Every structure is written in C-alpha cells, then in structure tokens.
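Here's the letter readout for the chains.
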Amino acid sequence: MACTMNLRELHEKHFDPRKVLEAYFMRDSEFIDDTITEVFSKFFKFTSSGQVKGDSVIVLSIGPFVYDPLPICEYFNEITFACADDKSIQEVQKWCKNEPDAMDFSPIMEMICDLQGSGAKWTEKQQIMQRNIKRVLKYDVMSCNPFSPIIHPQADCLLLTHCVEHFVTDKKSFCEAMENVSSLLKPGGHLIMITKLYETFYTCGDFKMHVFCFDEDIMKDVLTGAGFVIEEDHIYPRQTETLHSIADYKYFVILKARKEHKI
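### Observations regarding the overall build of the protein
Next, step 1: Broken down by element type, the protein carries eight helices and nine strands.
Next, step 2: The C-alpha radius of gyration computed for the protein amounts to 17 Å, which stays within 12% of the reference 18 Å derived for 263 residues, consistent with globular compactness.
Next, step 3: Judged by the C-alpha coordinates and their principal axes, the protein covers about 45 × 40 × 35 Å.
Next, step 4: A total of 263 residues make up the protein; the buried ones form 54% of that total.

Shown next, in the form of structure tokens:
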C-alpha cells in the first residue's frame, strides 16, 4: 500500500492539468488523431444506441478534462465529476462557473462535437455540462470508498478515463482498485472505460508520470473479477509514430461493460 500511497503523492505534486492539455489535447497535438476520431466516434455510438442511460453518471478522470463526458452529458441529469488532485478540482470548479482564468477546452470540445454530426454545437454541450455537473469530488481508487468520507449514492453509469492505471503497481492492486470503483455503480449499470494498453509512462512537463502497464488479457481479467460483463470493446493501434519519449502506449481502448453483481 505504501507504493500506491506514493503514487498519489507524486500525482498531487507533479500533475499539471494545463501542461497535459497543451501537450496532448490541443489542435496541433500529434496525439489528437489517436484520442479523438476513433475513440469518441465509438463513444457517441454507445450513447446514441440508447443502451447507456439513466439519471446519474459518475466520471473519474485523471484531470479536469470536462470534455470526456460530452457524448453522455445530455443523457443524464446529474453528473458527479471527480479528479485525483486538488489542482484539477479547482480547475473544474472554475470552468463550471465560467471564471475568467478557467481552462479553455473549446478547441477539443468543438472537435468532439463535430464527430457527432447532426448539427451538434459545442457551446450548447458545454452549457449542458455546466448545468448537469452537480458535484466535483476527489477520489482515491485504493480506498474501499473512493469518495471517503463522503457516502455517494450509486450511479447508473460510471465513466473511467485514464485514471485507475495511474495509481496501481501490479495486477493485484489493479484488481483491488477496480473492485473499489465498481462500488460506485449500481448493479445492472454501465461502465464506459477509456484507457491504453502497454503504457508505462507519460510526461507532464519534464516529469515522467507512472502508468501500470497491462495488456488486453489482464484488462479483461480485472474487469471480470470486479463483477463486469464486457459488452463491447474496441482497440485501436497507435497512429503517431513519433513522440514515444513523451508517452509510450501502443493501443487505445474504449469499452462498454455492465455491472453484473455486487462484489
């Protein structure tokens, strides 16, 4: 547990959401083709099918990246957005209040909404997001109650975007963390997970951030052990042939799973 505690401390100290946004998620970033086109196109198909719906969704994000829930924001009345560090929480709160120094997510929001088609406007989506985010919380995936000491009602949907794998060191702790976050979801509810395979690090400025490296088999074993039945999983090979010194992942993954039972 000491190792996972150190990972949380390192994240709190070194994670800079503004540097991550600039490096990976702006229009001129070479990572955009990997993160946007394939993954979010599939995400919109998940929601447009009507299979993923309900009253509430919990989003666990590695940072204040409020564009991640765009494909589902209008299908749920209540969004709980959670981050792992205080800086990210403050950035989400400023964005929700439209404060002058809030982070500008408009370029990537516009790109994501263009993928949806049907005349979707990112400004309207942004307003829906700001209206439907009811709580901004801090999470710890290694706690049996990730929002401790807050007792949060179980949600109809759980969205995980590049978070759990940053705070675990091996398959055992990965299993434990997924069991913990699964407690946030109602039995029968849906998990949507966006992650990467064969990644060991990404950089934030000059600092290499830890990522637990896993393959497809480990991912599926962990999800099954946490009580999930995978309904769809889509794996996309990395498109960028350069910048492996910045982030060394090999595949992007988006999957949809249903929580079958209580652990």
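### Considerations on the pattern of salt bridges
Next, step 1: Enumeration over the complete set of coordinates arrives at 16 salt bridges.
Next, step 2: With a closest N to O distance of 3.1 Å, aspartate 156 and lysine 186 form a salt bridge. One end of the pair, aspartate 156, is in strand β4 (residues 155-161); the other, lysine 186, is in strand β5 (residues 185-197), with 30 residues separating them in the sequence.
Next, step 3: Residue arginine 258 pairs with glutamate 231 through a salt bridge whose shortest N-O separation is 3.2 Å. With a gap of 27 residues between them, arginine 258 in strand β9 (residues 251-259) and glutamate 231 in strand β8 (residues 228-237) connect regions that are remote in the sequence.
Next, step 4: A residue is classified by how much of its surface remains accessible, and glutamate 231, at 35% relative accessible area, is partly exposed.
Next, step 5: A cluster of three or more residues bridged by salt bridges with shared partners is formed by Arg18, Glu91, Lys94 and Asp101.

### Examining the pairing of strand β6 (residues 201-204)
Next, step 1: Burial of the side chains of β6 extends over both faces: Phe201 and Thr203 are buried on one face and Tyr202 and Cys204 on the other.
Next, step 2: Here β6 runs beside strand β7 (residues 207-210); their pairing, made up of four bridges, is antiparallel. Paired with tyrosine 202 across the bridge in β7 is methionine 209.
Next, step 3: The turn linking β6 back onto β7 is made up of two residues, and glycine 205 within it adopts a positive phi angle of 70°.

### A look at the environment of arginine 258
Next, step 1: Judged by its relative accessible area of 29%, arginine 258 falls in the partly exposed class.
Next, step 2: Separated by 226 residues in sequence, arginine 258 and isoleucine 32 place their C-alpha atoms 29 Å apart.
Next, step 3: Apart from residues lying up to four places away in sequence, arginine 258 is in contact with Gly188, Gly189, His190, Gly227, Phe228, Val229 and Glu231.

### Things to note about the side chain of serine 88
Next, step 1: Looking at the element boundaries, serine 88 is found in helix α4 (residues 86-96).
Next, step 2: With residues near it in sequence (within four places) discarded, serine 88 still touches Phe15, Pro17, Ile62, Gly63, Pro64 and Cys83.

### Looking at helix α2 (residues 17-24)
Next, step 1: For α2, the full list of buried residues reads Pro17, Val20, Leu21 and Tyr24. Here the buried residues of α2 occupy an arc of 100° about the axis, which is enough to place them on one side.

About the thresholds
Residues numbered from 1 in each chain as written. Predicted model: local features only at pLDDT ≥ 70, side-chain atom pairs only at ≥ 80, totals over all residues. Heavy atoms only, no water. Helix = DSSP H or I, 4+ residues; strand = E, 2+ residues; numbered from the N terminus. Rg over C-alpha atoms; globule rule 2.2 N^0.38 Å. Buried < 20%, exposed > 50% of the residue type's maximum accessible area, 1.4 Å probe, protein only. Salt bridge = Lys/Arg side-chain N within 4 Å of Asp/Glu carboxyl O. Pairing = 2+ DSSP bridges. Contact = heavy atoms within 4.5 Å. Arc of directions from axis to C-beta.

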